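Residue-level structure breakdown
Residue-level listing of the chains:
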Amino acid sequence: QVQLVESGGGSVQAGGSLRLSCAASGRTFSGYVMGWFRQAPGKEREFVATISRGGGSTYYADSVKGRFTISRDNAKNTVYLQMNSLKPEDTAVYYCAAAAMGTVVTVNAYEYSYWGQGTQVTVSS
């Protein structure tokens, strides 16, 4: 079992930056592929970014590529999402998730077994 707690959300103007953190407790953090997803009002949850167990591989949704950076610190049991050049369309609840499976990274929500409670990000124009 892994417990995930996100923090760092808030309100920011377009063009601004935020850094989300996700602290994990429970079983060995380094054994999990980690991901960030988001859900805007009235829309389905969508993939944002994922990072491999050791942090050497990452993958991003096209909509955030070049603006967002996912990273992890296995010594601190924490995964981060640095979000720069934020746009109003980035407004959503952001969730971190953990996957204990064989591939290096994954964009599929169904492969993630554990989810945080979410943190709200609001970007105003």
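Each residue is numbered by its place in its chain's sequence as written, counting from 1. Local features are withheld for residues below a pLDDT of 70 in this predicted model, meaning they are given only at 70 or higher, and side-chain atom pairs are given and counted only at 80 or more; totals for whole chains, interfaces and linings count all residues. Side-chain calculation: all heavy atoms of the structure are included, whereas hydrogens and water are not.

Some details on unusual backbone geometry
Our working definition: Only DSSP runs of H or I covering at least 4 residues are called helices, and only runs of E covering at least 2 are called strands; the numbering of each starts at the N terminus. Burial here depends on accessible area, computed with a 1.4 Å probe over protein chains only, as a share of the maximum for the residue type. Under 20% is buried, over 50% is exposed, and the range in between is partly exposed.
The phi dihedral of Asn77 is positive, around 55 degrees, even though this residue is not glycine. Topologically, Asn77 is positioned in the loop between strand S7 (68-73) and strand S8 (78-83). Its relative accessible area of 28% is what places Asn77 among the partly exposed residues. The phi torsion at Ser85 lies on the positive side, around 50 degrees, for a residue other than glycine. Tracing the backbone shows Ser85 in the loop between S8 and strand S9 (92-99).

Quick word on the nonpolar core
This is how it is decided: Residue types Ala, Val, Leu, Ile, Met, Phe, Trp, Tyr and Cys, when buried and joined through side-chain atoms within 4.5 Å, form a set referred to as a nonpolar core.
Residues Leu4, Trp36, Leu81, Met83 and Tyr94 are the most contacted members of the largest nonpolar core, which totals 38 residues. Of all the elements, S9 adds the most residues to this core, at six residues.

Observations concerning the state of the cysteines
Under the convention used in this document: Any two cysteine sulfur atoms within 2.5 Å of one another count as a disulfide.
Using the criterion set out here, one finds one disulfide in the structure. One disulfide in the model links Cys22 with Cys96; its S-S distance is 1.9 Å. Residues Cys22 and Cys96 are joined through a disulfide that is right-handed, its torsion about the S-S bond being 45 degrees. Placement of Cys22 in strand S3 (residues 18-26) and of Cys96 in strand S9 is noted, with a sequence separation of 74 residues between them. Classification of Cys22 by relative accessible area gives buried; the value is 0%.

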